[in-house]
Amino acid sequence: MRYLALLLACMPLAAQRQVTHEQRPGLALSSGKVELVVLKQGGAFVEFTLSDDPKRINPMWDPIRMAREKGAQQRFGASAGHFVCVDGFGPISPEEQKAGYQSHGEANKLPWDTVQSTGMLLTQAVNLPIVHERYERTVRMAAGEQVVQVSAAIRSQLAFDRPMLWAEHGTIGAPFLKLGRTVVDQSTKQCQTKPFSGPSRGNRTFPNAKNFIWPELPLDGTNLNLRVAPEQHGTMNHIGCLFDPDRATAFVTALNLDENLLIGYLMPRQDYPWIQHWMNYPENGTYSWGIEFGMQPYDMTKRDLYAMTPLFGADTFRWLPANSQVLTTYLMFLTRVPAGFQKVDDVRLEGGQLVIEDKKNGKRVALKSTYGLEH
């Protein structure tokens, strides 16, 4: 017994504690290397930080803080950080609006029940009364690791098949998101600028529904490199990209070149075949870049997305079968990279490690990853 007590005393403590983020209650999970704050209302991941970082740089989008610091109006309600959009992504139809449905679905607006909360594991669930679904998600960490596994399921409570929309609305924000100094890389080739209808363009500068190969967008006689945050603010654009169908896994990363700090995601491509980028750079400096991976290319109504199929030979939605469930898994990670690391060419699981490579500059980061991509 004395030996066991000594052994336990020497092991890293699995921490989970009650916290508040912008006056909203949440739970903080810590592996000893990274800390993740999860809201109880809507389940958003609002803080993801390195435990030994004296600056506690949080890459996650925090619109309340940014608006307060800039003296601007907060426009995004309860949306923050990485939140989930189920079952719905973006605008709704007039009929859905009359029925009480809202943009981006119900899950991110409702209180979530805690099903299990022990150490570095958190399971939450929420019933979605309008779409008659139940969403359940488990977050897992391992002591001393910087990779987090997120597994989720949607179960239909209706006796017929129907199209579903599911997006992981991962979003980075200032000051991690810095003009000209934050770069995003991903395992995609075929992309398209978002189709818009109507004469109003607002701050959009990209052409309408133009196909291109990531990351070079032909624009005004030159190629615009979309992986780099723009040098100037005052624009807001969207693109949708199909993850490379020749890969079993897909990745997206964001790297602040000044801080050598990188956040990223790795997922089975069959779970999340698409990613939308919301590139939002208002003049007041409240910058946000949505790296929104999911089962559809854009935040649109089900009708509009159904009508787009196929795009690049792929479906633009996913079926939710009657009285059945759809399962997904992804990994999220946060790490420092060595000086001179400029671009992510590959992210993969290899021998119990998550490997991140900048092949041109001969740089490599390997993070221990106890949990993989199994459902």
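Residues numbered from 1 in each chain as written. Predicted model: local features only at pLDDT ≥ 70, side-chain atom pairs only at ≥ 80, totals over all residues. Heavy atoms only, no water.

**Notes on the overall build of the protein chain**
Formally: Each helix is a run of H or I in the DSSP string that is no shorter than four residues. Each strand is a run of E no shorter than two, and both are numbered from the N terminus. Radius of gyration: C-alpha atoms only; globule rule: 2.2 Å multiplied by the number of residues to the exponent 0.38. For every residue, the accessible area obtained with a 1.4 Å probe (protein chains only) is divided by the maximum for its type, and the residue is called buried under 20%, exposed over 50%, and partly exposed between those limits. We call two residues contacting when some pair of their heavy atoms lies within 4.5 Å. Exposure was quantified through the Shrake-Rupley algorithm and a 1.4 Å probe, taking into account, for residues, occlusion by the shown protein chains and nothing else. The sign given to each residue is positive for Lys and Arg and negative for Asp and Glu; His and the chain ends receive no count. Working definition for charges: the position is that of NZ of Lys, CZ of Arg, CG of Asp or CD of Glu.
Per the secondary structure count, the protein chain includes four helices and 26 strands. Relative to its length of 375 residues, the protein chain is compact, with a C-alpha radius of gyration of 20 Å against a globular reference of 21 Å. Taken along its principal axes, the extent of the C-alpha atoms in the protein chain is 75 × 55 × 45 Å. Evaluated residue by residue, the protein chain yields a buried proportion of 54% over its 375 residues. Long-range contacts, defined here as pairs at least 24 residues apart, represent 61% of the contacts in the protein chain between residues at least 6 apart. Put simply, the protein chain shows about 16300 Å² of open surface, and 52% of that area lies on carbon and sulfur atoms. Treating the 39 positive side-chain charges of the protein chain as one cloud and the 37 negative ones as another, the clouds have centres 3 Å apart.

**Examining the environment of G294**
Along the polypeptide, G294 turns up in strand β21 (residues 288-294). Accessibility expressed as a relative area gives 0% for G294, which makes it buried. The spatial distance from the C-alpha of G294 to the C-alpha of R318 is 9.7 Å, given a sequence separation of 24 residues. When residues no more than four places from it in sequence are discounted, the contact partners of G294 are W166, A167, Y272, P273 and W274.

**Section: the pattern of salt bridges**
Where we set the bar: For this document, the term salt bridge refers to a Lys or Arg side-chain nitrogen within 4 Å of an Asp or Glu carboxyl oxygen.
This structure, assessed with the given rule, holds 23 salt bridges. For R336, the salt bridge identified is with D53, shortest N-O distance 3.2 Å. In this pair, R336 sits in strand β23 (residues 325-336) while D53 sits in the loop between β4 (45-50) and α2 (63-70), placing the two residues 283 residues apart along the sequence. In this structure D53 comes out as buried when scored by relative accessible area, which is 4%. D345 is the partner of K343 in a salt bridge, and the nearest nitrogen-oxygen pair spans 2.9 Å. What makes K343 partly exposed here is its relative accessible area of 33%.

**Remarks on α2**
If you check which residues of α2 are buried, you get P63, R65, M66 and A67. Positive backbone phi, approximately 65°, marks G71, located one or two places after α2.

**Describing the sheet that holds strand β8 (residues 133-140)**
Going by this rule: Whether two strands pair comes down to DSSP finding at least two bridges between them. In this analysis, axes come from line fits to C-alpha atoms, helices being fitted only over the stretch in contact, and the angle between any two N-to-C directions falls in the range 0 to 180 degrees.
One open sheet accounts for eight strands, arranged β6-β7-β8-β9-β23-β19-β18-β12; its pairing is antiparallel. At either margin of the open sheet sits one strand with a lone partner, and together these are β6 (113-118) and β12 (182-186). Sheet twist, expressed as the mean angle between neighbouring strand axes with direction ignored, is 15°. Here six bridges tie strand β19 (residues 261-268) to β23, and the two strands are oriented antiparallel to one another. Its bridge partner lying in β23, G264 is registered against F333.

**Considering unusual backbone geometry**
Only a minority of non-glycine residues have a phi that is not negative, and only a minority of peptide bonds are not trans. Residues W214 and P215 are joined by a peptide bond in cis, for which omega reads 0°. When you line up the elements, P215 lands in the loop between β14 (211-213) and β15 (216-219). In this structure, P310 follows T309 across a cis peptide bond, with omega equal to -5°. Residue placement: P310 occurs in the loop between α4 (302-308) and β22 (318-320). The residue H104 is not glycine, and still its phi comes out positive at about 70°. Its place among the elements puts H104 in the loop between α3 (94-98) and β6. What makes H104 buried here is its relative accessible area of 15%. With a phi close to 55°, D220 is a non-glycine residue in the positive phi region. Mapping D220 onto the fold places it in the loop between β15 and β16 (222-225). Residue D220 is classed as exposed on the basis of its relative accessible area of 75%.

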